[in-house]
Amino acid sequence: MKLQFVGVGAAIKTKYHGASAVVDDHILVDAPPACNMLLKKYDLTIDTVFITHLHGDHLVGLPFWLLERYVEGIDRDVHIYGPPGLEKKIRDYFAVTFTDMDIVRYPILGQTYFHSVVPGETLDLGDVHVTPVEGQHAITSYGYIFTTDHASIYFSGDTELCPSVLSAIDQAGCVVFEGTKKEGKLDTHTTLEELIPIIRSYPDKEFYITHRQDYSTDDITENNIHFPEEGDVFNIRTNRP
Ligand SMILES: [Zn+2]
């Protein structure tokens with residue numbers, strides 16, 4: 001599986017664009033504000049989107065991406081998966097912020113299909129299978145395990161460490177986890193300090209830390225921790241350690 005980071009930042013106190021990644025050049029995980037611009041920058045054509053939760057820093061890139069698809073007359077279906085309420089959020093966003101556009105009269109959401117996911121219910125997308133994992137956040141928040149015959153990647157979304165999340169870390173071949181802050185403990189999020197003992201307990205599993213505020217990682221010496229930058233690409237080959 002190919003994993004490309006198109007942003008690695010938290011919502012605030014960061015120098016990066018919001019956390020977002022693309023699997024196998026066509027599946028987008030989360031849509032932060034700059035994602036429409038960044039998908040073009042990295043020449044990524046998306047047909048499938050997974051949204052982890054309905055906070056703005058994971059979501060508000062979608063209306064602009066959908067609007068541009070409509071204006072450009074792109075004639076391709078897109079499937080968008082996420083927590084219940086996602087379609088209403090997108091329609092409300094258009095209603096509130098583009099008051100001159102009637103999205104019923106202008107089919108901005110034509111060829112756009114929304115699907116609510118259920119934790120534990122695996123979706124079959126051809127070569128890739130996707131299992132939602134419920135996290136522990138301020139609102140309903142799902143991570144996703146993407147699995148092929150050759151590899152698997154768990155995306156945590158925004159979450160504290162909790163039993164379902166620890167089980168997903170255990171199952172997946174590699175892990176993309178949020179590390180919002182470096183030290184201490186954060187309600188609804190995870191810090192690097194909390195993650196490092198877990199990462200040490202899986203020395204053969206690779207961890208990619210995203211959703212980062214602005215902190216130095218120069219003193220982190222574990223070989224299996226990566227701090228990707230925008231645009232970085234990794235080839236993931238491990239199903240199990
Ligand atoms: Zn959030």
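Residues numbered from 1 in each chain as written. Predicted model: local features only at pLDDT ≥ 70, side-chain atom pairs only at ≥ 80, totals over all residues. Heavy atoms only, no water.

Caption draft 1: Structural detail: the overall build of the protein. Broken down by element type, the protein carries five helices and 14 strands. The C-alpha atoms of the protein give a radius of gyration of 17 Å, which matches the 18 Å a tight globule of 241 residues would have. The dimensions of the protein, computed from C-alpha atoms along their principal axes, are 55 × 40 × 30 Å. Working note: accessible area of the protein is about 10,900 Å², and carbon and sulfur atoms make up 49% of it. For the protein, the centre of its 19 positive side-chain charges and the centre of its 36 negative side-chain charges are spaced 3 Å apart. (Helix = DSSP H or I, 4+ residues; strand = E, 2+ residues; numbered from the N terminus. Rg over C-alpha atoms; globule rule 2.2 N^0.38 Å. Areas by Shrake-Rupley, 256 points an atom, 1.4 Å probe, with all protein chains shown as cover. Lys, Arg positive; Asp, Glu negative; His and termini not counted. Charge placed at Lys NZ, Arg CZ, Asp CG, Glu CD.)

Caption draft 2: Region of interest: the sheet that holds strand β4 (residues 48–50). Judged by pairing direction, the sheet is mixed, and its seven strands sit side by side in the order β6-β5-β4-β3-β2-β1-β14 without closing on themselves. Whereas interior strands pair on both sides, the edge strands pair on one side only; in this sheet they are β6 (112–116) and β14 (233–235). For this sheet the average axis-to-axis angle between neighbouring strands, irrespective of direction, equals 20 degrees. Sitting on the sheet, helix α2 (residues 61–71) is in contact with β4, β5 (78–82) and β6, with an inclination near 170 degrees to β5. (Pairing = 2+ DSSP bridges. Axes fitted to C-alpha atoms, helices over the stretch in contact; angles between N-to-C directions. Contact = heavy atoms within 4.5 Å.)

Caption draft 3: Representation of the coordination of the zinc ion in the model. Protein-derived ligands of the zinc ion are H53 (NE2), H55 (ND1), H137 (NE2) and D158 (OD), with the metal-ligand distances lying across 2.2 to 2.5 Å. Considered as a linear motif, the donors of the zinc ion on their single chain read H-x1-H-x81-H-x20-D. Assessed through its relative accessible area of 26%, H55 is described here as partly exposed. (Donors = N, O, S within 2.8 Å, 3.2 Å for Na, K, Ca; no water. Buried < 20%, exposed > 50% of the residue type's maximum accessible area, 1.4 Å probe, protein only.)

Caption draft 4: Summary view of the packing of aromatic side chains. With the rule as written, the count across this model stands at 13 aromatic pairs. Consider the rings of F146 and F155, whose centres lie 5.5 Å apart with planes at 85 degrees: the pair is edge-to-face. For F146, a relative accessible area of 0% corresponds to the buried category. The class of F155 is buried, set by a relative accessible area of 4%. One cation-aromatic arrangement involves R69 over W65; the distance from NZ or CZ to the ring centre is 5.3 Å. Positioned above the aromatic ring of Y202, the side-chain terminus of K205 is 4.7 Å from the ring centre. (Phe/Tyr/Trp six-rings, centres within 6.5 Å; stacked < 30°, edge-to-face > 60°. Lys NZ or Arg CZ within 6 Å of the ring centre and 35° of its normal.)

Caption draft 5: Inspection of the side chain of S20 at higher detail. Structurally, the position occupied by S20 is in strand β2 (residues 20–23). Relative accessible area serves as the criterion here: at 5%, S20 is assigned to the buried category. When near neighbours in sequence (up to four residues on either side) are disregarded, S20 contacts Q4, F5, V6, G7, L28, V29, D30 and P32.

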